[in-house]
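As a plain string of letters, each chain reads:
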Amino acid sequence: MAEKRNDSSMAHGKAGLPPGAPLFIGGRKTEEIRLSYMRYNANLYEEKESSTPEECANLCESSDVVWINVEGIHNSGTVEKIGELFNLHPLTIEDILNVMQRPKFEDFDSYLFIVLKMLGISDMTKGMETEKVSVILGENFVITFQEKPGDVFDTVRECIRERRGRVRELGADYLAYALIDAVVDSYFLILETIGDQIEQVEDQVILNQESDTISKIHRFKRAVLFMRRTVWPLREEIALLEKSGSDLIKEPTVLFFRNLYDHTIQVIDTVETYRDIISGMHDTYLSSVNNRMNEVMKILTILATIFIPLTFITGIYGMNFRYMPELCWKWGYFIALGFMLVIAIAMLVNFRKKKWI
Amino acid sequence: MAEKRNDSSMAHGKAGLPPGAPLFIGGRKTEEIRLSYMRYNANLYEEKESSTPEECANLCESSDVVWINVEGIHNSGTVEKIGELFNLHPLTIEDILNVMQRPKFEDFDSYLFIVLKMLGISDMTKGMETEKVSVILGENFVITFQEKPGDVFDTVRECIRERRGRVRELGADYLAYALIDAVVDSYFLILETIGDQIEQVEDQVILNQESDTISKIHRFKRAVLFMRRTVWPLREEIALLEKSGSDLIKEPTVLFFRNLYDHTIQVIDTVETYRDIISGMHDTYLSSVNNRMNEVMKILTILATIFIPLTFITGIYGMNFRYMPELCWKWGYFIALGFMLVIAIAMLVNFRKKKWI
Amino acid sequence: MAEKRNDSSMAHGKAGLPPGAPLFIGGRKTEEIRLSYMRYNANLYEEKESSTPEECANLCESSDVVWINVEGIHNSGTVEKIGELFNLHPLTIEDILNVMQRPKFEDFDSYLFIVLKMLGISDMTKGMETEKVSVILGENFVITFQEKPGDVFDTVRECIRERRGRVRELGADYLAYALIDAVVDSYFLILETIGDQIEQVEDQVILNQESDTISKIHRFKRAVLFMRRTVWPLREEIALLEKSGSDLIKEPTVLFFRNLYDHTIQVIDTVETYRDIISGMHDTYLSSVNNRMNEVMKILTILATIFIPLTFITGIYGMNFRYMPELCWKWGYFIALGFMLVIAIAMLVNFRKKKWI
Amino acid sequence: MAEKRNDSSMAHGKAGLPPGAPLFIGGRKTEEIRLSYMRYNANLYEEKESSTPEECANLCESSDVVWINVEGIHNSGTVEKIGELFNLHPLTIEDILNVMQRPKFEDFDSYLFIVLKMLGISDMTKGMETEKVSVILGENFVITFQEKPGDVFDTVRECIRERRGRVRELGADYLAYALIDAVVDSYFLILETIGDQIEQVEDQVILNQESDTISKIHRFKRAVLFMRRTVWPLREEIALLEKSGSDLIKEPTVLFFRNLYDHTIQVIDTVETYRDIISGMHDTYLSSVNNRMNEVMKILTILATIFIPLTFITGIYGMNFRYMPELCWKWGYFIALGFMLVIAIAMLVNFRKKKWI
Amino acid sequence: MAEKRNDSSMAHGKAGLPPGAPLFIGGRKTEEIRLSYMRYNANLYEEKESSTPEECANLCESSDVVWINVEGIHNSGTVEKIGELFNLHPLTIEDILNVMQRPKFEDFDSYLFIVLKMLGISDMTKGMETEKVSVILGENFVITFQEKPGDVFDTVRECIRERRGRVRELGADYLAYALIDAVVDSYFLILETIGDQIEQVEDQVILNQESDTISKIHRFKRAVLFMRRTVWPLREEIALLEKSGSDLIKEPTVLFFRNLYDHTIQVIDTVETYRDIISGMHDTYLSSVNNRMNEVMKILTILATIFIPLTFITGIYGMNFRYMPELCWKWGYFIALGFMLVIAIAMLVNFRKKKWI
């Protein structure tokens, strides 16, 4: 499955390199790197689809808020260029290029560095996809680095373009909040998908066992494990962000980050609940498999217990001994049949008493 | 089940909206929004069934305690109106409208914001219902927002009307305490219902296994999981409330909140105990299913073990070989019967020695 | 079982009452309330079996140590009277009357309030009994409230009467210590009973499985769960008590409370060990049930595997085809018998190789 | 098993005594109490096998280091005598006499009081033995109280006698360190024994299941549970000791205590690892029992499934109906045999396809 | 298995020695001890394959950075010599010689002492190998002690030789960072190996059960347990190192250590995820074994249930009673056959209804 291989493949790309050397770590992608920016203040708004690092750096000299979005981080030259222009620490560059980087928050005085994970769930059978987003929050700019085109930020873009919500009135810190909030909101959609699928499987578990229930439960476990691993560090990260007391986050925005923290708690809460539900489902599934086995065994036992002695009796009278007095009795056959019937009924009464039938 | 869908459906209503935009999140309900208030001091008492936000705001200018109860939060216009009149923060409005909001406590200097969950258990088969209650505690007023009509506050209303207890003597902080206490007390009723049902199922588990025991246990697990998720944040919330040191909570009321904290601990304690009991029940159930399977297998094995060799013997003498000396012996038949009897008795003695019968 | 019902029945008695209203919560008991006191200093000693609240309050004006024992808390009038005379807080009265109250410690400056649980184990089948004891420690008096007659304090009474130990030399704080110590010591007796019973069952688990082993293990689990729930809050309580730094506890007694804390740790330790042992016993039990099932299945399979092919051969020569050449062979019967023997021996050798027999 | 009974038998000896009364708690032993001492400084060394409390107390007036070893604590008179001479607190005396005392550390300004447990593992079937050692560290003396003769201190004695290591150069605090270190080192020996036995059983678990594997695993669990209970409090104890900042422990010795703390961590680490290994072994054992059962069932099912239909066919042609055309066919018998062979082969092919054979 | 024996064998070598006496603890190795050094500054670079302690000590008097690498710690004389020359504490020497030493960090003012574990995974069947590396970081030197030749430091050596990365510009503290980073990076390679193997087994678990799946899972559990034990103390160690505030670690290097801490967290994260995955795999495996057993039982039961009654009927008409009217009926045989067919079809319909076939 896709998510696991990533955990350790970091070593491949990095072995043999000096520690801290900037290099794109992860599968190579062929698309071009693409820089776009949005620049706005309460009144004006400007947007450009493809730009250069230098142009972006110049923009930030005005007092407007500038959001620079970098899609594709495989070209380490461009990223290093940006790092140089915006005075980013070499370790920040390394973390931006390392697609395996866990969610984390670091405060480098002149900027805040935030790593997030966008989640995508195409299909339960294929596992989850994860895409790293690095966010740099400076005095009046935000830089986001994505692995590939396509993201969850369209809502934010619309709000800027159409001047909805508070984003145009507040500064770069609120923009950073809005971007992180968009990522966290997208988790709720994933959770909803998982929740719906769990609900479907839950009925299967008790009622009619499909043969693939167990592998479905296994997949759920994997998916929830994966979610956990993504959201737990996020919680810690946002708590640190909220409490950092950095000058880059102004007073009115702090409350929004506190609210965001509440949302991550809610995500974690739901993930943990799903985890418990899935674990309970597994137990219930096991029990009901056991129960069915018990049922099967009972039927076999009832039938065998009734017929084995009867068949033995027919065996006796099927023997070819020359002298078997019963065989010559006129009513021998019917007496034997009657005797077998009595045995069968006695057995049935016995099973009824044991509540088996 | 009703409780799960809620966890993630939040994303639906909210996707595509600017962060923090006030909007009622949750299933739309058609009833009218309804404002009622109670206004009292030690001597006087006034009550009105339906009122307007403006009238309520005016009431609060006197020094009397005013309790404003809002039923139905689907009309975000009214809630926003109240928010404006009482100077509530936009994030508070958002939290009031979001029915998925976890229990939480926030101190906004001029008011305290408390979110609670009322629980309803109509029937074990249908799962639990939850209703969010938001409580705003100001200098001399309390505002409660409920999702729909019907609540657990009638006791408090009676105490105000009939001047029972301390509620008329003490201020708005004691009123807030009394309301939260009513919610926590209602949890005890839920726990009692669950406790009774657990007790009924517990006997089934060991004695006569009904076929639906496992799904009952599964339902209990879900119910307790649901309770846990509701009461754990409550504990944290009330601890924060007690320790907030807010000026809005006067000295004599602090002790009552400490007492309330004790009650939530007791709820959690009981929930955790139920959880352990249910988990133990499940283990015991599994063991007793296993045990019964063992019993069934033993009966089958005893019977088969006795009759299979005997039937084999009858088979031998049922063969049609021309030359089989035993068949011609005068006592052949009886010798064969006797031999079979000896084998059967030997088997039985053997089983007795193994303590199977 | 008795212990569970209690958890939630609190709600019954209390629903519909103003918060904090003093009322005896728990099953009504018909016995009279009974006040007795002991009054002593290093030299003198006085004891009275039945007294009145007023008389007791007067006693406390001297500098002697006074121990007032109240048996039966169903008469809330008397308890409230005492509360008034000794200046107890209304919430203390409420907690004294609430028999569901968890063990807790509160420091009300002028007195310390301690809630304890006495445990009684009449018979494993009947579960455990619990009785709440509330202890009020004042400047020179101790008041104990018990639910019903009969307690574990006789040792302390003897020490006072016969001037054994330190109790007559030290003050009310040492008396309180001695009383709590008596309760904790009684836990060791309970643990010993449980320990003995566990030891008995442990042998059953592996050797000869009685049919009720699983329900015994279930009962142990319940009992230990119950103990845990009682002793964990006690630990916290005594730690708070020791660290409270209250003036009511003098320097020399603090060391004794620290020692008491050690004892509760030891109780918890033992309870946790029992819990692990019982949980291990359950696992072992399951394994040995599984093992036995395996044995049963093996015997069945060995027998069936040997005789099913043999019976099939007898079936062949029992067929009535007109032309079956073997039937006419002179040694046909013995060849058939020999062939069957060969098959049987081959099977047995095979099983021996698989180490089944 | 020996270790469990001890947990609770404390109550027996103590019930009915004033709290804190010194009394030997534990099984009575008949041997004499025996006092020996070693007295040394960097140059001189003196040893005496049997001494009196008074003589020992006199020794301590010099500036030499004195190690007093008391074997047998059943004679509470002698212990009390020592307590008096060395100014020990009555609670220390009580703790010395109570053989059930958990490992603990207490700082009584003028001396440090340390309780340790020596472990002995005679044979896995008999469980573990534990012996309490109380260590009193004063200004220039160490007193050790053991339950019975025989200990793990011979290494230390040799070092003193032969002037090996640092013990003769450093003071009483280093002696105390060396004694505790000897106890902790002895744990490693126990762990090695357990580790070897685990290794032996581990192979059994997967390969050839001995019938007693489950009871061996059960015994391991018990042993590790017992170790855990002994070493966890030790860790806490030594951490407290190291951080106590007592004047009795000089600067150079503190580093050694820190090292000792590392060793206890290593013991705990190993115990926890064994615990996980044993728990994993149990799971693996269960799985492999299940697997074998599956194998057994498959063999039975294959055989039964092949022969049951065949036997049915022989049954048909064994019927005695007057008019059964097949019986008269010339090749009837061989056709029947051929038909049976076809069925058997079809079954076998089917099983092969299911990968059962 | 290799890793376990080590846990406890420490006691062997050490029993009977004074505490803290330096001695090589671990299996004796016959190779020579080998000292090599690298000495460099930003401009110059010097390397020597085999050297003496004295020569190395002299080197350190210049201001260049010196890295002394000691391979083979069995010769305690050489190690003690180095300890003397570099003023190492006796306990540091003891820890360097003890191959069982857990990862730890100690700050001895004049130098920092760091113990690491290099992991090697030759083959899953042989378990993991561990090699201790002790790192001494002084003012301008780093000393590494390895158990045997062969390490993971070649990357660092190359960087020094070829002047790649920052290592030549920065001081001894950065060298220490680079060495520890090399060890942590090697963990990722191990994790990748384990991850690949888990992925292979994961498919086996659900689809076609190889008979050795359970022992593979068992080995994974052991390997992950082993990893956990190695990396958890590492995390703590690096956290201490980062926060030590030692003067030996300069400002610019602190950030790199913080980054290193992030890497260890990522290792732990992956290990914990693998642990959960393996535990989930085990559950799924158990379930699917259960499921297959159920399938097997169903097939047996279906077959037996259909044929047992039929065989009974053939048995009846195989009896040799003289007077059995059905036998003489013209169509008796075909009626009997038809009757059996009806029974068989009824059974099949019944099983179809139960969804067994």
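Higher on the page you've got the structure.
Cut-offs used in this document
- Residue positions are given per chain, counted from 1 along the sequence in the order it is written.
- As they are written, the chains are lettered A onward and the ligands numbered 1 onward, keeping that order.
- Only residues with pLDDT of at least 70 get local features here, since the model is predicted, and only at 80 or more are side-chain atom pairs given and counted; chain-wide, interface and lining totals rely on the full set of residues.
- As a rule here, side-chain values come from all non-hydrogen atoms in the structure, and water together with hydrogens is ignored.
- Count a disulfide wherever a pair of cysteine sulfur atoms falls within 2.5 Å.
- Here a residue-residue contact requires only that any non-hydrogen atoms of the pair lie within 4.5 Å.
- Here, a salt bridge means any Lys or Arg side-chain nitrogen found within 4 Å of an Asp or Glu carboxyl oxygen.
- As used in this structure description, the phrase polar contact means that two N or O atoms lie within 3.5 Å; if the pair is within protein, one of them must be able to donate a hydrogen and the other to accept it, and residues adjacent in sequence are counted only when both atoms belong to side chains.
- Strands are runs of DSSP state E lasting at least 2 residues, helices are runs of H or I lasting at least 4, and numbering of each runs from the N terminus.
- Charged means Asp, Glu, Lys or Arg here, nonpolar means Ala, Val, Leu, Ile, Met, Phe, Trp, Tyr, Cys or Pro, and polar covers whatever is left, Gly included.
- Pairs were defined over the aromatic rings of Phe, Tyr and Trp, the Trp ring being its six-membered one, requiring ring centres within 6.5 Å. Orientation was assigned from the angle between planes: stacked under 30 degrees, edge-to-face over 60, tilted for the rest.
- A 1.4 Å probe rolled over the protein chains alone gives each residue an accessible area, and that area as a share of the maximum for its type sets the label: buried under 20%, exposed over 50%, partly exposed in between.
- Cation placement over rings: the criterion is NZ of Lys or CZ of Arg within 6 Å of the ring centroid and within 35° of the ring normal.
- Axis definition: a line fitted to C-alpha atoms, over the contacting stretch in the case of helices. Angles run 0 to 180 degrees between N-to-C directions.
- Here the word oblique covers every angle except those under 35 degrees (roughly parallel), over 145 (roughly antiparallel) and from 65 to 115 (roughly perpendicular).
- By definition, turning the near helix anticlockwise from the far helix through less than a right angle yields a left-handed crossing, and turning it clockwise yields a right-handed one.
- Put simply, buried area is how much 1.4 Å-probe accessible surface two parts lose in total, over both of them, once they are put together.
- At least two DSSP bridges between two strands are required for those strands to pair.
- The copies were overlaid by least squares, fitting only the C-alpha atoms of residues that reach a pLDDT of 70 or more in each copy.

**Notes on the state of the cysteines**
Enumeration over the complete set of coordinates arrives at zero disulfides over all chains. Of the cysteine sulfurs around E:Cys328, a residue in no disulfide, the closest is that of D:Cys328, at 15 Å.

**Points about the interface of chain D and chain E**
Chain D puts 68 residues into the contact, and the matching count from chain E is 69 residues. For the interface between chain D and chain E, the tally reads six salt bridges. Across the salt bridge formed by E:Lys104 and D:Asp262, the nearest N and O atoms sit 2.7 Å from each other. The interface formed by chain D and chain E includes 16 residue pairs in polar contact (both at pLDDT 80 or more). Elements that contribute at least two residues to the side of chain D that touches chain E include exactly α5 (154-162), α6 (172-206), α8 (251-316) and α9 (325-328) of chain D. For the side of chain D that touches chain E, the element with the highest residue contribution is α8(D), accounting for 34 residues. For the side of chain D that touches chain E, the per-class residue count stands at 31 nonpolar, 19 polar and 18 charged.

**Re the packing of aromatic side chains**
Scanning all chains against the criterion turns up 65 aromatic pairs over all chains. Plain terms: the ring middles of E:Tyr177 and E:Phe256 are 5.4 Å apart, the flat faces sit at 50° to each other, and that makes the pair tilted. Here E:Phe256 lies in helix α8 (residues 251-317) and E:Tyr177 lies in helix α6 (residues 172-206), a separation of 79 residues in the sequence. Residue classification places E:Tyr177 among the buried residues on the basis of a relative accessible area of 1%. Three or more aromatic residues link up through ring pairs in this structure, and these residues are A:Tyr317, A:Trp331, A:Tyr333, A:Phe334, E:Phe321 and E:Tyr323. Taking NZ or CZ as reference, B:Lys330 lies 5.7 Å from the ring centre of A:Tyr323, over its face. Over the ring of E:Trp331 we find E:Lys330; its NZ or CZ atom is 5.7 Å from the centre of that ring.

**A closer look at the packing of α8(D) against α8(E)**
Packed helix pairs are specified by the crossing angle of their axes together with the interaxial distance, meaning the distance between the axes. Where α8(D) meets α8(E), the closest approach of the two axes is 9 Å, and the angle between their N-to-C directions is 20°. Here α8(E) runs roughly parallel to α8(D), going by the angle between their axes. Between α8(D) and α8(E) lies a crossing whose hand is left-handed.

**Considering the interface of chain D and chain C**
Contacts between the two partners involve 69 residues from chain D and, on the opposite side, 68 residues from chain C. Note on chain D versus chain C: buried area summed over both sides is about 6,000 Å², and carbon and sulfur give 62% of it. Between D:Lys221 and C:Asp283 there is a salt bridge, with the nearest N and O atoms lying 3.6 Å from each other. For the pair chain D and chain C, the interface holds 16 residue pairs in polar contact (both at pLDDT 80 or more). Those elements that place two or more of their residues in the side of chain D that touches chain C are α1 (2-14), α4 (90-97), β4 (104-108), α7 (213-243), α8, α9 and α10 (332-353) of chain D. The greatest single-element share of the side of chain D that touches chain C, amounting to 19 residues, is contributed by α8(D). Here the side of chain D that touches chain C is built from residues that sort into 35 nonpolar, 17 polar and 17 charged.

**Notes on the pairing of strand β7 (residues 141-146) of chain D**
Residues and elements named next belong to chain D. Of all six residues that make up β7, six are buried, and the element is covered over most of its length. By the alternation rule, side chains of β7 split into Phe141, Ile143 and Phe145 and Val142, Thr144 and Gln146, which are all buried. Where strand β3 (residues 65-71) meets β7, six bridges bridge the pair, whose relative direction is parallel. Opposite Ile68, over in β7, you have Ile143 as the bridge partner.

**Description of unusual backbone geometry**
The phi dihedral of B:Asp109 falls on the positive side, at around 50°, and the residue is not glycine. With relative accessibility at 69%, the residue B:Asp109 sits in the exposed group.

**Observations regarding the relation of the copies chain D and chain C**
For the match of chain D to chain C, the screw axis carries a shift of 0.0 Å, the RMSD comes to 0.0 Å, and the turn is 72°. The operation mapping one copy onto its partner corresponds to a five-fold rotation axis. Taking C-alpha positions as reference, the residue of chain D nearest the rotation axis is D:Gly318, located at 4.7 Å. Little of the interface of chain D is mirrored in chain C, where only 14% of its interface residues are also at the interface.

**Observations regarding the packing of α8(D) against α10(D)**
Residues and elements named next belong to chain D. Two numbers describe how α8 lies on α10: the axes approach to 10 Å, and their chain directions differ by 160°. The orientation of α8 relative to α10 falls into the category roughly antiparallel. In the packing of α8 onto α10, the handedness of the crossing is right-handed. Within the contact between the two elements, α8 uses Ile302, Thr305, Ile306, Pro309, Leu310, Ile313 and Thr314 and α10 uses Phe339, Met340, Ile343, Ala344, Met347, Leu348 and Phe351.

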